[in-house]
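A look at the structure
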Amino acid sequence: MIEYVVPNNIDDRILRRAVKLLEDGGLIALPTDTSWSIVCSIKSKAGIKKLRKLSGERDERHFTLLCSCMSQFSEVCKMDNTRYRLINRISPGPYVFILKSLLSTEKFLDIRRSELGVRIPDHSVPIRLIETLSHPLYSITAKKSMTGKKEPDDIEDSLEKATELPPIPEAELFENGWEMEDIDGLDLILDSGEERELIFSTILDMCEDEIKVLRQGAGSWPI
């Protein structure tokens, strides 16, 4: 279930195996520049269904598209030159950008909002996997409540109405890859052998003229 990888020299055989799992609807845990994430292929309806079930969240702002380059943003979201320049200036990095999604993206992902979170993580493991897969990954933050060892807070209804997303408690985040072995439905852990910091990304809502901070995290704002 765990494959140990060297971030800057990942075995192509491991990447191909991971891609095959994603194409078949599998879920993979991997490190990012913030905390650990669990991902599926954006083109796998079975994978998206499994990811949503594992998350238990109904607010689409908890789900993020991980991309490897700016050009992938334009394939799923609407973005003008002003937003492009700003995002390009601080990416890759610990930021999630909420943008207006394309109608085709809304239909395929079956999302109930016209916005979508996208980011480019500053970590070679997700970047190399996305490049090998040739399209973005749908992701959620890995949390200890997913192991069944801790009951999640019953806050879904309030989150749907909130304008801000509260920070994820540090106690809910994982430091090491092996800690996620008890997550039901997880097919593979790509472990870079490094402890992840107990931090989360900054979420910036860029759907309107004024940028709003939905959650303050590792990325500083304003810049």
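Scroll up a little and you will see the structure.
Because the structure is predicted, anything quoted here is derived from the model rather than measured.

**What about the side chain of Thr147?**
- You can see Thr147 is positioned in the loop between β7 (137-141) and α7 (156-161).
- We classify Thr147 as buried; its relative accessible area is 15%.
- A distance of 2.7 Å separates the side chain of Thr147 from the backbone oxygen of Lys144, its partner in a polar contact.
- Setting aside its immediate chain neighbours within four residues, Thr147 contacts Phe174, Glu179, Asp182 and Ile183.

**What about the packing of aromatic side chains?**
- Counted according to the given criterion, the structure contains 2 aromatic pairs.
- On the numbers, 5.5 Å between centres and 20° between planes, the contact of Phe63 with Tyr138 is stacked. Taken together, the residues Phe63 in the loop between α2 (45-55) and β4 (64-66) and Tyr138 in strand β7 connect sequence positions 75 residues apart.
- Ring centres of Tyr95 and Phe97 lie 6.2 Å apart, and the angle between their planes is 15°; this geometry places the pair in the stacked category.

**Some points on helix α1 (residues 12-23)**
- Here α1 spans 16 Å end to end across 12 residues, near enough to the 16 Å set by a 1.5 Å rise per residue.
- Looking only at α1, the buried set comprises Ile14, Leu15, Ala18, Val19 and Leu22. Along the axis of α1, the buried positions cluster into a sector of 135°, meaning they face one direction only. α1 presents Arg13 and Arg16 as exposed residues on the side facing more than 90 degrees away from its buried surface.
- Check the buried side of α1 and you find it contacts β1 (2-4), β2 (28-31), β3 (36-41), α6 (124-133), β7 and β8 (188-191).
- A positive phi of about 90° marks Gly25, the residue just after α1.

Thresholds, definitions, all that
- Residues numbered from 1 in each chain as written.
- Predicted model: local features only at pLDDT ≥ 70, side-chain atom pairs only at ≥ 80, totals over all residues.
- Heavy atoms only, no water.
- Helix = DSSP H or I, 4+ residues; strand = E, 2+ residues; numbered from the N terminus.
- Buried < 20%, exposed > 50% of the residue type's maximum accessible area, 1.4 Å probe, protein only.
- Polar contact = N/O pair within 3.5 Å; in protein donor to acceptor, adjacent residues only side chain to side chain.
- Contact = heavy atoms within 4.5 Å.
- Phe/Tyr/Trp six-rings, centres within 6.5 Å; stacked < 30°, edge-to-face > 60°.
- Expected span 1.5 Å × (residues − 1).
- Arc of directions from axis to C-beta.

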